[in-house]
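Listed below, chain by chain, are the residues.
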There are 2 protein chains.
Amino acid sequence: MSYTNQMSRLQAACREKSPLCIGLDTDISYLPESVAGKFSTPAEAVLAYNRELVAATGRYAACYKVQIAYYEAMGLAGLKTFADTLKCVKAADIPVISDVKRGDIADTAKAYARAHFTGDFETDIITVNPYMGFDTLEPFAEYAEKAGKGMFVLLRTSNPGMTDIENQELVSGGPVLERVGEQLLKLADRFGFGTDSAEGCSPIGAVVGCTEETNAQQLRNKYSNIFFLIPGYGAQGGAARVAATLLSKAGGTVNSSRGILCAWKKDPKLADKRDSGILTMDDIVGAAAEAAANATADLKNAFSLLNA
Amino acid sequence: MSYTNQMSRLQAACREKSPLCIGLDTDISYLPESVAGKFSTPAEAVLAYNRELVAATGRYAACYKVQIAYYEAMGLAGLKTFADTLKCVKAADIPVISDVKRGDIADTAKAYARAHFTGDFETDIITVNPYMGFDTLEPFAEYAEKAGKGMFVLLRTSNPGMTDIENQELVSGGPVLERVGEQLLKLADRFGFGTDSAEGCSPIGAVVGCTEETNAQQLRNKYSNIFFLIPGYGAQGGAARVAATLLSKAGGTVNSSRGILCAWKKDPKLADKRDSGILTMDDIVGAAAEAAANATADLKNAFSLLNA
């Protein structure tokens, strides 16, 4: 099947498989020494783990999100691993999001758009930071128009600091994040998709964190035709309800990173091997695949309970 | 002379040499074909130009600012050139700023801090985006505390879009950027430097654009002990007055990028060679050095006129 843009492709994958987005925020500390030590560099170990993860969890994940910061932190070799990880997900024919949160004046944003929508780091969808103004989003929107690429703009993040700026009330009415939201709706409208359009959704999505404090119903109603990237979902009580609400209308993809990457740390079946320091790549990938299967079932369950 | 932090080192360089910061936003299109064509890749051509520029303009520049977006746009080879450019400036014993404008939740910001304050991309000072909240600045501040690194936080940028969020009035009083400013003052205070301290300044600086609309006197008075990174300064009329105002109190460094990198495009002495397509590396570096000398003289002049 062909799609008019990458966000529509991701939306379809979420509906067909599950809303699960696996976050490859693969820090070297997320691998046990018995696995990492088998590689000559951290960057090689991370790439090997990512490849095995994609092979073992691809049937559960609607998409993968690769957080560039962890790769930048490993320098040039790390960015080679970042590029190779993107290639690996693309080779598996699964949508891939580069979580880069770039944002700069328009001329510079043009360079960032080239950086992540062409060449070594070419991805399907990126995350962007709107703080410097709406003119800074245009170069990314151009790639949506001409190449079907997608972008998730920060709307309501899941960290405690979201109250510092995003949630501050403006004299003109509503918090800062609603002002960003208005612009998102305008940008999205350019592409002409309505709510629950059978042809897919606009390539302009939004990051909306899943926390107890998130006013999920209001956000979902207000941005009914915007597809969401949803971080911050844990196994805690009411959060499943928040996630399910955010998944209605145009839908979204729910990110899980450490819960899957580090599942081996908590897997009771691996307790002895963990204590003896003899965990293998197969062990940690197996634990991750099980965690991914559980996360998928959990999300489907939460969604169907709320939308029954 | 030794400094307690990199921002103080930069402040001293601005006072001793000139406030000029040369921006190495070196896009391959800023080199004439007759020069670029002599190298096998754009990344090699850009590195060669950067090296020649640093050699020829080092006596005028208080510092260099390297905008990572232009290097990211060239992929892995571009980021190698980014790393080598940082090394080249450091080898010349000149402070270097990585203009990365990173910003993310605290755990991810830790990875970005490692990325730019250690390893292949180790720099002296970075630029950061505060939008996701003040918790996201802490990992960078830690490197200021333990390693003397510096950070410029976006306060008032020079692009038209600064009115979209930064300059929006809050119900709690003042525009968004003043809320960021309050936090900057708190962060800076941790380091215990007052206005015009003989021992230098806090490692926490601010980006304040130089445009006709900038309320320079108010910003300079309010953040009297904060060192500024000042983009947006051109050759236009009153902007020199704005720059001079921003340079008083704790001072600042004024960025010029294309005016220097692309000086060869407007140099009347090079008209014939430009038209014949036979410009050499020496030609374009010579034009850049002359532009840097002029920019330095212009800034010193503006500053002394206003502060006479």
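Structure report, in brief. (Residues numbered from 1 in each chain as written. Chains lettered and ligands numbered in written order. Predicted model: local features only at pLDDT ≥ 70, side-chain atom pairs only at ≥ 80, totals over all residues. Heavy atoms only, no water.)

Below, the discussion takes up the nonpolar core. One finds L10(A), Y49(A), L10(B) and Y49(B) to be the most contacted residues of the largest nonpolar core, which totals 226 residues. Here this core takes 11 residues from helix α13 (residues 281–306) of chain B, the largest share from any one element. Once you skip the residues sitting within four places of it in the chain, L10(A) turns out to touch A62(A), C63(A), P95(A), I97(A), I125(A), F152(A), F227(A) and T253(A). (Core = buried A, V, L, I, M, F, W, Y, C linked by side-chain atoms within 4.5 Å. Buried < 20%, exposed > 50% of the residue type's maximum accessible area, 1.4 Å probe, protein only. Helix = DSSP H or I, 4+ residues; strand = E, 2+ residues; numbered from the N terminus. Contact = heavy atoms within 4.5 Å.)

Attention now goes to the interface of chain A and chain B. Counting residues at the interface gives 56 residues for chain A and 56 residues for chain B. The closest approach of N and O atoms between K101(A) and D104(B), which form a salt bridge, is 2.9 Å. Summed over the shared surface of chain A and chain B, the number is 29 residue pairs in polar contact (both at pLDDT 80 or more). Of all the secondary structure elements, the ones that give two or more residues to the side of chain A that touches chain B are α4 (68–72), α5 (75–91), β3 (96–102), α6 (106–117) and α8 (176–189) of chain A. Looking at the side of chain A that touches chain B, the element that brings in the most residues is α6(A), giving seven residues. Of the residues belonging to the side of chain A that touches chain B, the class tally is 26 nonpolar, 14 polar and 16 charged. (Salt bridge = Lys/Arg side-chain N within 4 Å of Asp/Glu carboxyl O. Polar contact = N/O pair within 3.5 Å; in protein donor to acceptor, adjacent residues only side chain to side chain. Nonpolar A, V, L, I, M, F, W, Y, C, P; charged D, E, K, R; others polar.)

All names here are of chain B. Orientation of helix α3 (residues 42–57) relative to helix α5 (residues 75–91), taken along the N-to-C sense of each, is 15°, at an axis distance of 9 Å. In terms of orientation, α3 and α5 fall into the roughly parallel class. For the crossing formed where α3 meets α5, the hand is right-handed. Between α3 and α5, the contacting residues are A43, E44, V46, L47, N50, R51 and V54 on the first element and A77, G78, T81, D84, T85, C88 and V89 on the second. (Axes fitted to C-alpha atoms, helices over the stretch in contact; angles between N-to-C directions. Parallel < 35°, antiparallel > 145°, perpendicular 65-115°, else oblique. Left-handed = near helix turned anticlockwise from the far one by under 90°.)

What follows is about the pattern of salt bridges. Oppositely charged side chains can form a pair if their charged atoms are brought close together. With the rule as written, the count across this model stands at 38 salt bridges over all chains. Put simply, E290(A) and K269(A) hold a salt bridge, and the shortest N to O gap is 3.0 Å. Of this pair, E290(A) sits in helix α13 (residues 281–306) while K269(A) sits in the loop between α11 (258–261) and α12 (271–276), and the two are 21 residues apart along the sequence. A relative accessible area of 59% means that K269(A) is categorised as exposed. Salt bridges here are not isolated pairs; linked through shared partners, they connect K65(A), D99(A), K101(A) and D104(B).

Looking now at the packing of aromatic side chains. Enumeration over the complete set of coordinates arrives at 10 aromatic pairs over all chains. Ring centres 5.4 Å apart and planes at 25° place the aromatic pair Y131(A) and Y131(B) in the stacked group. On the criterion of chain membership, the pair formed by Y131(A) in the loop between β4 (125–128) and α7 (138–147) and Y131(B) in the loop between β4 (125–128) and α7 (138–147) is interchain, its members lying in two chains. Here Y131(B) falls in the buried class, since its relative accessible area comes to 0%. Between the aromatic rings of F82(B) and F121(B), the centroid separation amounts to 5.8 Å while the plane-to-plane angle is 55°, which identifies the pairing as tilted. Of the two residues, F82(B) sits in helix α5 while F121(B) sits in the loop between α6 (106–117) and β4, which places them 39 residues apart along the sequence. Taking relative accessible area as the criterion, F82(B) reaches 0% and is therefore assigned buried. Three or more aromatic residues joined by ring pairs make a cluster, and in this case those are Y71(A), F82(A) and F121(A). Its guanidinium or amino end placed over the ring of Y143(A), K146(A) lies 4.4 Å from that ring's centre, counting from NZ or CZ. (Phe/Tyr/Trp six-rings, centres within 6.5 Å; stacked < 30°, edge-to-face > 60°. Lys NZ or Arg CZ within 6 Å of the ring centre and 35° of its normal.)

Within the element layout of this structure, P231(A) appears in the loop between β7 (228–230) and α10 (239–247). The sequence separation of P231(A) and P42(A) amounts to 189 residues, and the corresponding C-alpha distance is 26 Å.

Residues and elements named next belong to chain A. Contact geometry of helix α3 (residues 42–57) with α13 gives a least axis separation of 9 Å together with a crossing angle of 45°. Here α3 lies oblique to α13, going by the angle between them. In the packing of α3 onto α13, the handedness of the crossing is right-handed. The segment α3 lies against α13, with A48, Y49, E52, L53, A56 and T57 engaging M281, I284, V285, A288, A289 and A292. The residue makeup of the contact of α3 with α13, split by class, is 10 nonpolar, one polar and one charged.

Residue and element names in this part refer to chain A. By the definition in use, this model includes zero disulfides over all chains. In this structure C201 is not part of a disulfide, and its nearest cysteine sulfur, from C14, lies 9.3 Å away. Judged by its relative accessible area of 2%, C201 is buried. (Disulfide = S-S within 2.5 Å.)

Take the sheet that holds β7(A) next. Residues and elements named next belong to chain A. Pairing within the closed barrel is parallel, and its eight strands lie in the order β1-β2-β3-β4-β5-β6-β7-β8. Each strand axis lies, on average, 30° off the axis of its neighbour in the sheet, ignoring direction. Across three bridges, β3 lies against β4 in parallel orientation. Paired with I97 across the two strands is I125, which belongs to β4. (Pairing = 2+ DSSP bridges.)

Attention now moves to the relation of the copies chain A and chain B. Under the fitted operation, chain A is carried onto chain B by 0.0 Å of movement along the axis and a turn of 180°, and the coordinates agree to an RMSD of 0.0 Å. Viewed as a symmetry operation, the transformation between the two copies matches a two-fold axis. (Least-squares fit on C-alpha atoms with pLDDT ≥ 70 in both.)

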